[in-house]
Structure formats: C-alpha cells, structure tokens
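Notes for the structure review
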2 protein chains.
Amino acid sequence: MRADAEKNHRHLLAVASEVVAERGADMSLRDVARRAGVGLGTLYRHFPTREALLDALLRDGFEELAAYGAELEGSVPPEEALTSWLRRCVAGAREYRGITTLMMAAIEDPGSALHASCVTMRAAGTRLLSSAQAAGVASSDIDGTDLFALIAALAWLNDQPSTSSRADHLFDVLASAILTKRASNNPSPSPFADDHSPKSVA
Amino acid sequence: MRADAEKNHRHLLAVASEVVAERGADMSLRDVARRAGVGLGTLYRHFPTREALLDALLRDGFEELAAYGAELEGSVPPEEALTSWLRRCVAGAREYRGITTLMMAAIEDPGSALHASCVTMRAAGTRLLSSAQAAGVASSDIDGTDLFALIAALAWLNDQPSTSSRADHLFDVLASAILTKRASNNPSPSPFADDHSPKSVA
DNA sequence: ACCTGAACACCGTTCAAGT
DNA sequence: ACCTGAACACCGTTCAAGT
C-alpha cells in the first residue's frame, strides 16, 4: 500500500539522520536499513544512491541557508553579511561529517542527486560575494566557485579531529583571505552602481 | 630465506607505488598483494598497516622537503622561502591523492606509522614560518600547526576534481592569508635581529 | 505497487598450516 | 624465518521471488 511506503520513507529518513550523526556521511547503508527494520532493497527503492539519501536529509538546510543569505543581504552591510553567512555554512556542515567530499564531486556532476542543492548554495554565496566585492570589502580575484571550494575546505578541516578545536581560528584565517580590503585600486564607491541581478524578495 | 624477504619488500613497495598513483592512498591492499604476486599475509608482515606502507613510500619525500626548507632558509628571503616551500609541499601531495586525511589523523596520533614524517614536515614549515614572521612578512597569528592544516586543506582541494584546475589560483588565495604583510605594527626591521635557531648547513 | 533477502563481487584483518 | 590463502566479518548493489 501507499501508506506503508510513505511510512517507510519517513522512518528511513529519521534513522538515516541518526546514523549520519553518529558515523558521518560514509555510514553503512546496510546499517541504516537494518536499524530501520527494513529490507535493503527498500532503502534502495526509496533512495537509489547515497547522494539521494543525503540530499533528502540536507535539502531543507540548503534552502534555509539560501534564505538566510537573502535576508542578510537586505539587512546588514555586505562584509558582515558575507561573514555571517560563511559562519553559518561551516556550522551547518559540522552536523554532517564527511559531506564535503561528496559536495565537491556533486557540484560539477549534474547527475548527482546533490547537484541542485550544491548549485543553490553556490548561487547564494555568489550573490553575497558580489555585493561585498562591489562594496570593496572582498577580494576581487575570487568567484563563487572559489568561495564554494573555500567553504568546503574549511568544513573539511573541521571534520579532522586534529583541527576541529581550532575551527574558529582557521575560520578567521580563511575569512581574512576572502575579505581582503584592497588598498586603493577602486577610487570612488563603484562607478557602475546598478548591476543586472534582480533584487526581488527583501 | 632472508634474501627472499628483502626482494618481496622491495617489490611490494614498487607495486604499491604504482597502485597509489592509479587509485590514491585508499587503494585496495588486497590489490597490491595480488599485483605483487604475493600472499596477503606477506603484505601485512612487511607493512602491518596501511600507514606503514604509505610511510615507506613517503618518508624520503618528507625528508627531501625538510632539506629543501633548510636550503631555502639559507639562500633566499623569508617570504620567497616560505612561498616556494609551500608550493613544493602542495605539488608533492598531488602525487599521493587522498593522503591528506591520513596525515591529519597521523599528526596527533603518536602510534601512527606516519606520525614521525608529519612531525618532520610540520617542524620544517614552522621554521620557515617563524623566519617570515620575524621579518614581518607573514601573519603573526598563525602557528606551525595552522600552517600544516592549511597545506593539508590546499592539498585536499587539489584532490577534488572540481577544483584541481584552479589549484594555482587557490594556492595564491591561501598564500595571501598566510603572507599578510601586516600594516605598521612593527615599525623598524625587527628589533631582535638574532633569533636562537641554529643556522647550520648553507 | 511494494517489500524481502539471497546472491555476487568486493573489502580489511587474522591466523593455522605449510616450507 | 618466512609465506600462503582460507576464514571471518563486513561492505555496496542488484534482482528474482514473494505479497
């Protein structure tokens, strides 16, 4: 019946969430099925790949992250907006150990179930970065893809037990590379005041 | 006989080197034994852990890296010395995909066969960093452990197919975070001209 | 429609048995 | 001394068989 399938789906997600929290994104899928009291094939039916399962767990978080970015953009100066958003990205990744390698693979593999989420996140970061660059508070020689990579690198560092205690400090170091207030190459506050990106929402 | 064992040892290393080049540091140990035409137990006898095998492959490279650091220190200004050394570290890591996670674990696990090599490398980096800091060309709020982590992060980024093409660019971004010429906190060229580290070699 | 679990082809690691 | 490979306990993935 359809109701059974839906119940399985929800239960699998709940169990997977626990297992990922305990073991990280490279958890045993067998273990998830086992703990959910469900056949292995049922897990594969609902989530044909590991990425599909993780995306189901992460999608909401990615969208919240994008929304948070849009909110910051309308309420706070560009430098603070970018910094706060980065901080939240890294904090979010901390909940899902081992996700970064998967994300780096997914962002350029349109076939991956995580692709869309990664693209959403990169787009949100790119907007904040552009604003900060236009305001002259972010280095102009990095782009959204670089930013995505730097966030991933930072999240990866946080996954490593030997550096997780220095997470805040390494964040500052990396952030300083992004938020380079460049000396005096741009004289006045941006000669082209209007860009072409729609400023919808708020 | 002893001669047989030595031959096996060398052959295993040669084969392992090939397999690591093809598959990365997470290669199948079974595959190494198979390709070497040797029983699985023989591989484990010679190299009781994956780390032991990798250390045997990497040890020379680490020592060369340390020697290169010492050489640079005696022949080139501090900023250039640190940059060149970092470049070589990252280039070296490129030959051994997937090694960075293992190294991050090994540096704080004295029981790991890779521990000594990691400590050697960190020490070499620390010396170069200190010189650069004393000369006022490197940020004073990072230490050797941070440097080690940043090198690992950069090497990890290079392992990711989606960023390997931007390796040089990301190197520059990270390097700029390390080599921050701090404004004017240190007025004159270093009040303490002599430090206590021995300037041996040349 | 949906679920199950055996089956297949892999791992890492250990250890009795051979030479 | 040294080597071998079966044995054990795991994987991911697929798919015939059941309801």
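Data block above holds the structure.
Residues numbered from 1 in each chain as written. Chains lettered and ligands numbered in written order. Predicted model: local features only at pLDDT ≥ 70, side-chain atom pairs only at ≥ 80, totals over all residues. Heavy atoms only, no water.

Thoughts on the layout of surface pockets
To keep things clear, this is the line we draw: Points on a 1 Å grid over protein atoms alone make up a cavity when a 1.4 Å probe fits among them but cannot get out, and a pocket when they form an open set with protein on both sides within 12 Å along at least five of seven lines; lining residues each have an atom within 4 Å of a point. Grid points are joined across faces, edges and corners, and a volume is the space filled by probe spheres set on the points. In this description a helix means any DSSP run of H or I spanning at least four residues, a strand means any run of E spanning at least two, and both kinds are numbered starting from the N terminus. Amino acids outside the nonpolar list (Ala, Val, Leu, Ile, Met, Phe, Trp, Tyr, Cys, Pro) and the charged list (Asp, Glu, Lys, Arg) are all regarded as polar, and Gly is one of them.
Empty space within the largest pocket amounts to approximately 830 Å³. Contributing to the lining of the largest pocket are 32 residues, with Thr101(A), Trp156(A), Gly98(B), Thr101(B) and Trp156(B) lying nearest its centre. Put simply, the parts of the chain that give the lining of the largest pocket at least two residues each are helix H6 (99–106) and helix H8 (144–159) of chain A together with helix H6 (99–106) and helix H8 (144–159) of chain B. With five residues, H6(B) is the single largest residue contributor to the lining of the largest pocket. Broken down by class, the residue content of the lining of the largest pocket amounts to ten nonpolar, eleven polar and eleven charged.

Digging into the side chain of His115(A)
All names here are of chain A. Defined as follows: Note on exposure labels: buried denotes an accessible area under 20% of the residue type's maximum, exposed denotes more than 50%, and partly exposed covers the range between, all computed with a 1.4 Å probe on protein chains only. Polar contacts here mean pairs of N or O atoms no more than 3.5 Å apart (in protein, one a potential hydrogen donor and the other a potential acceptor; neighbouring residues in sequence count only if both atoms are side-chain atoms). Only heavy atoms matter for contacts: two residues are in contact if any of them lie within 4.5 Å across the pair.
Note on placement: histidine 115 falls in helix H7 (residues 115–134). Overall, the relative accessible area of 18% leaves histidine 115 in the buried class. At 2.7 Å, the side chain of histidine 115 forms a polar contact with the backbone oxygen of alanine 106. Excluding residues within four positions of it along the chain, histidine 115 makes contact with Ala106, Ile107, Glu108, Asp109 and Pro110.

Thoughts on H7(A)
Residues and elements named next belong to chain A. Filter applied, for reference: A helix is expected to span 1.5 Å multiplied by its residue count minus one.
For H7, spanning 20 residues, the distance from its first C-alpha to its last is 28 Å, which sits close to the expected 28 Å at 1.5 Å a residue. Every buried residue of H7 is accounted for by His115, Ser117, Cys118, Met121, Ala124, Gly125, Leu128, Leu129, Ala132 and Gln133. Buried positions along H7 lie against helix H4 (50–75), helix H5 (78–94), H6, H8 and helix H9 (167–178). Glycine 136, located one to two residues past H7, shows a positive phi value of around 75°.

Remarks on the packing of aromatic side chains
Operational definition: Pairing of aromatic rings covers Phe, Tyr and Trp, the last through its six-membered ring, and needs centres within 6.5 Å; plane angles under 30 degrees mean stacked, over 60 mean edge-to-face, and all others mean tilted. Definition used: whenever NZ (Lys) or CZ (Arg) falls within 6 Å of the ring centre and also within 35 degrees of the ring normal, the charge is taken to sit over that ring.
Under the definition given, this model contains one aromatic pair over all chains. A centroid spacing of 5.5 Å and a plane angle of 15° characterise the contact between Trp156(A) and Trp156(B), whose relative ring orientation is stacked. Here the residue Trp156(A) occupies a position in helix H8, and Trp156(B) occupies one in helix H8, the pair thus bridging two chains. Take Trp156(A) and Trp156(B): they sit in the same class, and that class is buried. Of note, Arg88(A) hangs over the ring of Tyr68(A), and the distance from its end group to the ring centre comes to 3.7 Å.

Section: the packing of H5(A) against H7(A)
All names here are of chain A. Let me state the cut-off plainly: Structural elements are reduced to axes, namely lines fitted to C-alpha atoms, with helices fitted over the stretch in contact, and the angle between N-to-C directions of any two is expressed from 0 to 180 degrees. Angle categories: roughly parallel below 35 degrees, roughly antiparallel above 145, roughly perpendicular from 65 to 115, and oblique for all the rest. Should the near helix be turned counterclockwise from the far one by less than a right angle, the crossing is left-handed, whereas a clockwise turn marks it as right-handed.
Running from N to C, H5 and H7 cross one another at 155°; their axes reach a closest spacing of 8 Å. Taken as axis vectors, H5 and H7 run roughly antiparallel relative to one another. You can see that H5 and H7 cross each other, and the crossing is left-handed. Along its contact with H5, which presents Pro78, Ala81, Leu82, Trp85 and Cys89, the element H7 presents Met121, Ala124, Gly125, Leu128, Leu129, Ser131 and Ala132. Across the contact of H5 with H7, the residue classes break down as ten nonpolar, two polar and no charged.

Points about the protein's contact with DNA strand D
Heads up, the rule is: The cutoff for a nearby residue is simple: one of its non-hydrogen atoms must lie within 4 Å of the molecule or strand.
Residues in close proximity to DNA strand D total 22 residues, the closest being Arg30(A), Tyr44(A), Asn8(B), Gly39(B) and Thr42(B). The sugar-phosphate backbone supplies 57% of the atoms of DNA strand D found within 4 Å of the protein. Residue Leu29(A) places a main-chain N or O atom 3.1 Å away from a phosphate oxygen belonging to DNA strand D. Side-chain polar atom of Arg30(B) to a base nitrogen of DNA strand D: 3.4 Å apart, as the coordinates give it. Of all elements in the fold, only helix H2 (29–36) and helix H3 (40–46) of chain A together with helix H1 (2–23) and helix H3 (40–46) of chain B reach the threshold of two or more residues within the surface near DNA strand D. No other element matches H3(B), which puts five residues into the surface near DNA strand D. Grouping the amino acids of the surface near DNA strand D by side-chain chemistry returns eight nonpolar, seven polar and seven charged.

A word on the relation of the copies chain B and chain A
The condition that has to hold: When the copies are superposed, the least-squares fit draws on C-alpha atoms of residues that have pLDDT of at least 70 in both.
For the pair chain B and chain A, the best superposition has an RMSD of 0.0 Å and corresponds to a rotation of 180° with a translation of 0.0 Å parallel to the axis. Taken together, the turn and the small shift mark the pair as related by a two-fold rotation axis. For chain B, the minimum C-alpha distance to the rotation axis belongs to Ala177(B) and amounts to 2.4 Å. In this assembly the copies share their binding face: 100% of the residues contributing to the interface of chain B also contribute to that of chain A.

With respect to the environment of Ala14(A)
Residues and elements named next belong to chain A. In this fold, alanine 14 is placed in helix H1 (residues 2–23). Overall, alanine 14 belongs to the partly exposed group, its relative accessible area being 43%. Taking the C-alpha atoms as reference, alanine 14 lies 8.9 Å from leucine 57; in sequence the two are 43 residues apart.

A look at H8(B)
Because an α-helix completes one turn every 3.6 residues, residues spaced three or four positions apart along the sequence face the same direction. Here H8(B) spans 23 Å end to end across 16 residues, near enough to the 22 Å set by a 1.5 Å rise per residue. The N-terminus of H8(B) is capped by Asp143(B), whose side-chain oxygen sits 3.0 Å from the backbone nitrogen of Thr145(B).

Points about the pattern of salt bridges
Two side chains that carry opposite charge are able to pair once their charged atoms sit near each other. Residues and elements named next belong to chain A. Keep this limit in mind: Salt bridge criterion: a side-chain nitrogen from Lys or Arg within 4 Å of a carboxyl oxygen from Asp or Glu.
This model, assessed by the stated rule, comprises 17 salt bridges over all chains. For the salt bridge of glutamate 6 with arginine 10, the shortest nitrogen-to-oxygen distance reads 3.4 Å. Placement of the pair is glutamate 6 and arginine 10 together in helix H1, with a separation of four residues, close to one helical turn. Judged by its relative accessible area of 45%, glutamate 6 falls in the partly exposed class. Aspartate 31 serves as the salt-bridge partner of arginine 35, at 3.5 Å between the closest nitrogen and oxygen.

As for the protein's contact with DNA strand C
What surrounds DNA strand C is a group of 22 residues, the closest being Asn8(A), Gly39(A), Thr42(A), Arg30(B) and Tyr44(B). Among atoms of DNA strand C positioned within 4 Å of the protein, sugar and phosphate together represent 57%. Between a phosphate oxygen of DNA strand C and a main-chain N or O atom of Leu29(B), the distance comes to 3.1 Å. Residue Arg50(B) places a side-chain N or O atom 3.0 Å away from a phosphate oxygen belonging to DNA strand C. Mapped onto the surface near DNA strand C, the elements with two or more residues apiece are H1 and H3 of chain A together with helix H2 (29–36) and H3 of chain B. The element best represented in the surface near DNA strand C is H3(A), accounting for five residues. Tallied by class, residues from the surface near DNA strand C come to eight nonpolar, seven polar and seven charged.

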